Structure formats: structure tokens, C-alpha cells
Amino acid sequence: MGSASCVMVMVMVVVMVKGLSMDAEAAGSLVPFQYTRRSVLDQKGRYVVMWAPREKDIIFEVQVATKGYVGLGFSSNGGMKGADIVLGWVDDSGKVFLHDRHATGYAVPVIDESQDVTLLGGYQNDTHTVVRFSRPWTTCDTLSDLQLADETVKLIWAFSSEDPKDEMTMKKHSERGTKSVLLQSPELVFPTPGGDVKAWDLLSPNVSLPNDLPTLYWCSVVKIPPLASKAQAIGVIPLIEEKNVQHVHHILVYECHVPESARHFEKWVGVPGLQCYGPNMPVSWTYCGTPVFTWGIGGEGDLYPENVGLPLGEENGGATYFLKEIHYDNPDLKQDIVDASGLRVLYTETPREYDAGVLTIGHSISPLLVVPPGTHWLTVGICHPDCTQQGLPEGGVKVFEVLLHSHMLGSKMKIRQVRQNQELQPLVRDLNYDFNYQHSRSVNNVSILPGDILILECEYDSTTRDFTTFGGFGTEEEMCLAFLTYYPRSPLAVCFSMPHIKDILEGVGVDDTYDNRVQIGSGRGHGSDINEEAEAVAAASLLSGETTLQTKNLALSNVYFRMVAKAPDKYHNQTLHKILNDRNTWGDNLLTATLQDKIINDLQVAKCMKRDGILSGVPEIFLYPGFIPLDPPAENCGDGTF
């Protein structure tokens, strides 16, 4: 029944098909259909789902190694309760049953009053049950259905070895699991290296993770391969060791830009690496501040449009040296982990029309990102209009890919775009953000013009935490970032903001501190004086193995130990670290609401950078911009047909 009619009746869809063996004749019982995505949902390859997104609806086909019932559900959090579930089976006579249901708990899913799926066929043979169906992206059944969009959705899959006795009497599923997907993202088909496509592998040199450190950022300098002519990167493939999938959280590769780069970076090529952002990190490495190749846990890689490539080599407008950063996560302190993961960069020396660039926006990586315990919290990072005005070309740029990045508390992320005081459609929105599925999402060449404002909103769910979370590098710390890949290439590389420290102090009721000169930064950004002689000695020592560097916890929030309150009396002589980590601080709902308002609507500190340094002329401090918000979308139930 088409959902556009919104008729609230109970329907059981039954279609007669002939049960055949899984050979060419059997496959013909379903009209051939070209799917654009395919995913194996279980580790043993027993549950395969294929789908094809269309304008108004989406076609699914499940192929499951069972002769019992099969279920495919859609959930925002991966849980059973409240999930939107499609349940089907084929009985011994060849009848195919399909129900649109929802789960109220750990019980047989309830049949929806409004059936918003259409059975397109199916069959069963000696080994498999196959069912094909469609459903609109948006249905009228907002109480029972999850409205699907270009956001992360957790597919819940289940199957049983037996058919139900009737529509509400069935044995519990024998297998079940979840997997996050982006239903509207196209499948990535990477070209095979050979001919005009070449591969450049950036692998870790068998990094040994510290046995006593839950988070490690490991950095090393790499140099592009020899090039016969102008080359452009056209894709990135993750090469993650299977044994270490749980430990490799993300990989970023930064361009290095400094005059006479070979003088500063050639000495570091071949050095196995050292801890990023630690006290031993060379000053020269701080000139590697523009991430161009990005991968996050669960991501499948990146593939540029056929007319776009990222330039390699300084003589071609790119970079010759890069800094590779790998974030390792080892919360359980598993012992003696050694990793050789990395990225494969596909590149071509056949010229493409446009050079690509990457713009990073969001909240500066800083302890000024504060998330109280036990709440839902909103953080923003604002790209000031003067930054895009000066950093983008007159005709603007076109964004074709976005990677959203947050940590464990991240639940919702959205990039708002404002032009001439009017909010436009969100550049990207994910209301079901999954920390374990950070896959780049394609966007349809969205234009960003000079003077546009970009606002990255990150919502955190800390309801299960009893401690305060700060911004930082660790997995249990937080970030709020987005990487926008675009063309044509422009000088603008980074556009961040963060709250002013005074608003954090006022927000928690601290009137004054003993030392108001404490600088709170991120540990990133361009350095100043490079001591070439000292760096040459350090590089040679690391290459020879004479030096073994120690790793340490790099919690940025440690800066709050150096800030001691003078007033009011209740906080006198307490460190800001203690105040912010005290549950009693957050027991005052008015105080919490005040801080939430201040960090968004009060002062923001801007950071606007080109690839080779700070972009001047952008206000250092500004207020949240005023604009006309976008009207909420009109309800559209959709009535896609096959």
C-alpha cells in the first residue's frame, strides 16, 4: 500500500511465487535489477543485502542462508526497541510473506497499522531465502517508521532457521547483528593500479603501541615518489591490518609547507616516527597543518570525481613532503600490539581539469570544548565570513566530499551554511552519527562562496558518563571537525573557532583566577623558529636507533591545573580542573544552561589559516552570527514506485 495515502489499516502482503533451486532459472523468478550497493552483514557471509537508492524510494534485496524467516531493520542507535523492521519468509508452498513492523522491546515485532513497504518478489531454495522489496525514504508513519535520509543508519539484521507458525508466533532469531551504512552514498569502485594509475603506499613501519597508554598519536614524515610530470592524487584506500582494526582509529596525512622544504624535511624521511604533539615533536613538523588525505574508523576510502585530482609536488601547486598521523586506540591496554597499517594513495600523471583542496572546519582542538556529564550538549565551530571572503576565489569552490569527525560522545553533526544573512540547506547532516563508522559522504558539488558562513554543530550524548569530557586527542576526549574536499584548489586550509576562556569561567561561576595569562591552545599550528642543527642531530639519532623516545599522556585539559580560582569564596584556591570535574558543579541546572548558552552565543575566538600560515584581516574575537534560519522542511510522505 502506498504510504502517501496514510491509510491506517493492517495489511499482510502475500505474493505467490514458485520455489526454485538457486540456478539461472531460479534467479529469473525475480526480474533482473541493477543494484548500486552491496554489503555482507555478518562475518560468515550468510546475510547479504543489496540496495539501490532512487529519488523517492529505495530498493532492497536480502539473500540469506536460511530456510526460515529473515529480518532487516533500520535503527538510529542499533537497539531493538523502537527499530523499524521488515520481516519476511517463504513457506513450503512458495508463498512469500512480508510485513512492515516495529519493535517495542525484546519481543516479536508488532505489525504496523500502515504498511509502507512493497513486496517485489522472492523465492526459497535448498539453502537460501531471497526477498526483494521497496520502501519510500519518507513515510507518513512517523510513529513506527524510521525516516531514511543521507545520514548514518544502523541496519539490524536477523534470521531464524524456522518460518513463523503465524504472523505473531515465531521462535527467537538464531543470529542477529548490526552494521552502520550510508544508504545514499555510491559504491566506491577503485581503479586497479597500472597504466596511468599508480599507487603510493604510506604504511606504518611496525609501530609498537605503548602497553600503558590508551591513546597514541604517531607521526612520521613521508616524501612523494619520483614524478615524470604533474601528478594528482585521485583516490585513497585504507590498508588496515585485520588484527588491528579495533586499534586504528583514524589516519590523517598533512601537507607540509615551508620555504626550502627539503632543507627541513628531507632529514626526517625514513625516520620511523615519534609521538605527535609531544615535547619531542620537531618544530618543523608544525608546518604540516593541512590534512589532505583523511580516513576514519569504518571508512571505505575516497575516490575523486573524474575531472578532479589533488596535486602532488610543490612545483605543481601541491606539497612534496607530508606528515602522516595515525591515531591508535587501546583502551583495554592490550599488550605488545604492533601495527603496520596505512593508506594507499592512487595517483595519475594524466592531467585532470581541476586541482582539489581540503578545508577543515569546526571547533579548535582545545580543552575549551567542555561537555558536562549526564546530559545532551551542543558545541559549535564557526568559520567566520571574513575567512571565506579572503581565502576563497571570486567564483567560490564546489564541495564534493565531506568527512565528519567526532569521538565517542558524538551523536549528531550538522554543517549549517549561511549566505547573505540567509541560512541555506545544510551542507551535510547526520543525526545518527556513529563513532565507529566514519565514512566520507559524497555531496553534489555544493558551492561555497566568498563571505559564506559555515557552522559545524556537534551534539554530544554524555548521559552515561559521570565525569566531565574535554576537547583533546584521546578517544575519551572530544573533537568537532569536518573535512571538506573541494575544487578548484584555494589557499584556505583551516577555519576554526572556540569559546573564550572568560565564558567558561563565568559559565561555571568563577569570578576571578590568580593567573589570567594562561594560554589555552591545541598544540597544532605553525611554529616559528626552526633549529636546523638540533633537528639534524635528533633525526640522525633516531635513524641510527641511538635514541628511544618516551611516550606520555597528552591530555590538553591538564592546563586547567594551572588555573586557580580567587573568587567566589566557595571556589577559593581550587583549580579549575577540580571545579570542572566536580559533579556538584553540574548539579545546578541553571548554571549548566548558562554555560551552554555562553559557549554558543557569546564570544568566539577565530582561527583562519592558509596552507602556509595565518590569514590576516579576520577578527580574532566575534559573536555568534545572526541570520534568518532555514524554514523547517514541509512534510513529504513519498510514493515511490517500482
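Residues numbered from 1 in each chain as written. Predicted model: local features only at pLDDT ≥ 70, side-chain atom pairs only at ≥ 80, totals over all residues. Heavy atoms only, no water.

Trainee: Any chance you could explain the overall build of the chain here in plain terms?
Mentor: Helix and strand counts for the chain come out as seven helices and 42 strands. By the compact-globule yardstick of 26 Å for 642 residues, the chain fits well, its C-alpha radius of gyration being 27 Å. Its C-alpha atoms put the chain at 80 × 65 × 55 Å along the principal axes. A separation of at least 24 residues holds for 78% of the contacts in the chain among residues at least 6 apart in sequence. When the accessible surface of the chain is summed, it comes to about 27,100 Å², and 51% of that surface belongs to carbon and sulfur atoms. Taking the 51 positively charged and 79 negatively charged side chains of the chain as two groups, their mean positions are separated by 2 Å. (Helix = DSSP H or I, 4+ residues; strand = E, 2+ residues; numbered from the N terminus. Rg over C-alpha atoms; globule rule 2.2 N^0.38 Å. Contact = heavy atoms within 4.5 Å. Areas by Shrake-Rupley, 256 points an atom, 1.4 Å probe, with all protein chains shown as cover. Lys, Arg positive; Asp, Glu negative; His and termini not counted. Charge placed at Lys NZ, Arg CZ, Asp CG, Glu CD.)

Trainee: Quick question: what am I supposed to make of the sheet that holds strand β9 (residues 118-124) here?
Mentor: The strands that make up a sheet pair up through hydrogen bonds in the backbone, lying either parallel or antiparallel. On the basis of which strands lie adjacent, the open sheet formed by five strands has the order β2-β3-β4-β10-β9 and antiparallel pairing. In this open sheet, the two strands that pair with only one neighbour each are β2 (37-40) and β9. Ignoring strand direction, the axes of neighbouring strands in this sheet form an average angle of 15°. Judged from the four bridges that link them, β2 and strand β3 (residues 47-53) form a sheet pairing that is antiparallel. What sits directly across from Arg 38, in β3, is Met 50. (Pairing = 2+ DSSP bridges. Axes fitted to C-alpha atoms, helices over the stretch in contact; angles between N-to-C directions.)

Trainee: What should I look at first to understand helix α5 (residues 532-544) in this one?
Mentor: Since the α-helix packs 3.6 residues into each turn, any two residues three or four apart lie on the same face. With 13 residues, α5 ought to run about 18 Å at 1.5 Å a step, and its terminal C-alpha atoms sit 18 Å apart, in line with that. Of all the residues in α5, the buried ones are Glu 535, Ala 539, Ser 541 and Leu 542. Within α5, the buried residues cover an arc of 165° as seen down the axis, which keeps them to one side. Residues of α5 that are exposed and point more than 90 degrees away from the buried face comprise Glu 533 and Val 537. Tucked into the core, α5 has its buried residues touching α2 (261-265) and β18 (274-275). One or two residues past the end of α5 sits Gly 545, with phi positive at roughly 80°. (Expected span 1.5 Å × (residues − 1). Buried < 20%, exposed > 50% of the residue type's maximum accessible area, 1.4 Å probe, protein only. Arc of directions from axis to C-beta.)

Trainee: Help me out: how do you make sense of the state of the cysteines in this one?
Mentor: One way to say it: the disulfide is the covalent bond shared by the sulfur atoms of two cysteines. Inspection of every chain in the model, using the stated rule, returns five disulfides. The partner cysteine of Cys 256 in its disulfide is Cys 288, sulfur to sulfur 2.0 Å. Between Cys 256 and Cys 288 the disulfide shows an S-S torsion of about 100°. By sign, it is right-handed. In this pair, Cys 256 sits in the loop between β17 (248-255) and α2 while Cys 288 sits in the loop between β18 and β19 (290-296), placing the two residues 32 residues apart along the sequence. Residue classification places Cys 256 among the buried positions, given a relative accessible area of 0%. (Disulfide = S-S within 2.5 Å.)

Trainee: What am I meant to see in the pattern of salt bridges here?
Mentor: Enumeration over the complete set of coordinates arrives at 27 salt bridges. Note that Glu 260 and Arg 263 form a salt bridge whose closest N and O atoms lie 2.7 Å from each other. Judged by relative accessible area, Arg 263 falls into the partly exposed class, the value being 41%. Bridged by salt links that share partners, the residues Lys 502, Asp 503, Glu 506, Lys 598 and Asp 602 form one connected network. (Salt bridge = Lys/Arg side-chain N within 4 Å of Asp/Glu carboxyl O.)

Trainee: I'm lost on the sheet that holds β19 in this one. Help?
Mentor: The strand order across the open sheet formed by five strands is β18-β15-β22-β17-β19, and the pairing between neighbours is antiparallel. The strands lining the two open edges of the sheet, one partner per strand, are β18 and β19. As judged from the nine bridges shared by strand β15 (residues 215-223) and strand β22 (residues 321-329), these two strands associate in the antiparallel manner. Its bridge partner lying in β22, Val 222 is registered against Phe 322.

Trainee: Any chance you could explain unusual backbone geometry here in plain terms?
Mentor: Most peptide bonds take the trans configuration, and most residues that are not glycine carry a negative phi. In this chain, Tyr 487 is followed by Pro 488 through a cis amide linkage whose omega measures -5°. Assignment of secondary structure puts Pro 488 in the loop between β36 (480-487) and β37 (492-499). For the bond running from Ala 567 to Pro 568, omega is 0°, close enough to zero to count as cis. One can find Pro 568 in the loop between β39 (565-567) and α6 (576-581). We note that Tyr 277 has phi near 65°; this positive angle belongs to a residue other than glycine. Relative to the elements of secondary structure, Tyr 277 occurs in the loop between β18 and β19.

Interpretation in functional terms is not warranted from these geometric data alone.
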